[in-house]
Amino acid sequence: MHCCTTAYTPDPKEALESLQAAQLEKYDLTTLIKTSLAEYQEAFDATPENDEYGLHDYYKGVLEDIKIAASQPLPTDFQGRLDLVRGLCDSGEGVGNILDVRGIASKDNELFAAKPLSPDDLLEKFGSNKLLSADADFHAGKANECLGRGESICFPLYASADADEPVEWCFVGVTVD
């Protein structure tokens, strides 16, 4: 499970991108490429050719992709950095954090997209349509109970019960591992 909060904006997509940009800053892309290259080389070397699961060929393909990434300048734009981290960290289980969320959902149960909860959804799931920032961890735990693998939701948080405007977005998601 991952839970992140960020400053409120009327557009949850903007809030998601802000969270993801902050998370991306934690990655040293040069080290990530070197580490991934070493790990996949080791896995490739340890897997016999023509193994029954096709892992040797899989590792070979991943190694080729990492070598291409290593031979190019590091991306400086948000989407390029995000794609690189997703590509290097995703071995079928996702990155394991907010970077797995690929957008804002347009329907229920859309994998890898955060579904904004409506006031009615909040009332049904949490007993209130005005959740407080101070209780974000509690609400995230409660939200986690209703999420399946690869699902994510987001909802506004308020500074106080009598506040008129939200102050934060809370994003909660479950990894696919």
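This brings us to the overall build of the protein chain. Along its length, the protein chain carries six helices and five strands. Counting from the amino terminus, helix and strand elements in the protein chain follow one another as β-α-α-α-α-β-α-β-α-β-β. Dimensions along the principal axes, computed over C-alpha positions, put the protein chain at roughly 65 × 35 × 25 Å. Per element, the accessible surface of the protein chain, about 10,000 Å² overall, is 49% carbon and sulfur.

In the contact formed by helix α1 (residues 12–24) and helix α4 (residues 78–89), the axes pass within 11 Å of each other and the chain directions differ by 65 degrees. The way α1 lies across α4 gives a crossing that is left-handed. Across the interface between the two elements, E17, Q20, A21 and L24 from α1 touch F78, R81, L82, V85 and R86 from α4. By residue class, the composition of the contact of α1 with α4 is five nonpolar, one polar and three charged.

The next subject is the packing of aromatic side chains. Under the defined criterion, the tally for this structure stands at five aromatic pairs. Seen from their ring centres, W169 and F171 are 6.3 Å apart, and the 45 degrees between their planes marks the pair as tilted. You'll find W169 and F171 in the same group, each marked buried. Ring pairing ties together the aromatic residues Y8, W169 and F171, which thus form one cluster. Note that K130 overlies the ring of Y158, its terminal NZ or CZ placed 5.2 Å from the centroid.

In this structure, H56 sits in helix α3 (residues 55–71). Residue class for H56 comes out buried when judged on its relative accessible area of 10%. A distance of 2.8 Å separates a polar atom in the side chain of H56 from the backbone oxygen of T47. Setting aside residues no more than four positions away along its own chain, H56 makes contact with F44, T47, P48, E49 and D51.

One way to put it is that helix α2 (residues 29–46) packs onto α4 with a least axis distance of 10 Å and a crossing angle of 25 degrees. As summarised for this structure, α2 and α4 are arranged roughly parallel, according to the angle between their axes. The crossing of α2 and α4 is left-handed. Taken together, the residues of α4 that come into contact with α2 (itself represented by L29, L32, I33 and S36) are R81, L84, V85, L88 and C89. Considered class by class, the residues forming the contact of α2 with α4 number seven nonpolar, one polar and one charged.

This part takes up the pattern of salt bridges. With the rule as written, the count across this model stands at two salt bridges. For the salt bridge of E17 with K13, the shortest nitrogen-to-oxygen distance reads 3.8 Å. One end of the pair is E17 and the other is K13, both in helix α1 and four residues apart, which spans about a single turn. Looking at E17, the relative accessible area reads 34%, which means it is partly exposed. Notably, a salt bridge pairs D121 with K115, separated by 3.0 Å at the nearest N-O pair.

Ranked by internal contacts, the top residues of the largest apolar core, which has 18 residues, are Y27, V85 and L99. Mapped onto this core, the elements with two or more residues apiece are α2, α3 and α4. Setting aside anything within four residues of it in sequence, one finds L99 in contact with Q20, Q23, L24, Y27, L82, V85 and R86. Listed in part, the 14 residues of the second largest apolar core include L122, L131, A136 and C170.

The rules behind the values
- All chains use their own residue numbering, which begins from 1 and follows the written sequence.
- Per-residue local features are limited, in this predicted model, to residues with pLDDT of at least 70; the limit for side-chain atom pairs, both in listing and counting, is 80 or more; totals at the level of whole chains, interfaces and linings are taken over all residues.
- Side-chain measures here rest on the full set of heavy atoms in the structure, leaving out hydrogens and waters.
- The helix count covers DSSP runs of H or I at least four residues long, the strand count covers runs of E at least two residues long, and both are numbered beginning at the N terminus.
- Areas reported here follow the Shrake-Rupley algorithm with a probe of radius 1.4 Å; residue values treat only the protein chains shown as occluding.
- Axes here mean lines fitted to C-alpha atoms, for a helix over just the part in contact, with angles spanning 0 to 180 degrees between N-to-C directions.
- Left-handed describes a crossing whose near helix is turned anticlockwise from the far helix by less than a right angle; the clockwise case is right-handed.
- Contacts between residues were defined by any pair of non-hydrogen atoms, one from each residue, lying within 4.5 Å.
- Following the grouping adopted for this structure description, the nonpolar residues are Ala, Val, Leu, Ile, Met, Phe, Trp, Tyr, Cys and Pro, the charged ones are Asp, Glu, Lys and Arg, and the polar ones are all others, Gly among them.
- Any two of the Phe, Tyr and Trp rings considered here, Trp counted by its six-membered ring, make a pair once their centres fall within 6.5 Å; the pair's planes then place it as stacked at under 30 degrees, edge-to-face at over 60, or tilted in between.
- Burial here depends on accessible area, computed with a 1.4 Å probe over protein chains only, as a share of the maximum for the residue type. Under 20% is buried, over 50% is exposed, and the range in between is partly exposed.
- A ring is considered to have a charge above it if a Lys NZ or an Arg CZ atom is located within 6 Å of its centre and within 35 degrees of its normal.
- Polar contacts here mean pairs of N or O atoms no more than 3.5 Å apart (in protein, one a potential hydrogen donor and the other a potential acceptor; neighbouring residues in sequence count only if both atoms are side-chain atoms).
- Any angle that is under 35 degrees is reported as roughly parallel, and any over 145 degrees as roughly antiparallel; angles of 65 to 115 degrees are reported as roughly perpendicular and all others as oblique.
- Note on definitions: salt bridges are taken to be side-chain nitrogens of Lys or Arg within 4 Å of carboxyl oxygens of Asp or Glu.
- In this description, a nonpolar core means a group of buried Ala, Val, Leu, Ile, Met, Phe, Trp, Tyr and Cys residues linked to one another through side-chain atoms lying within 4.5 Å.

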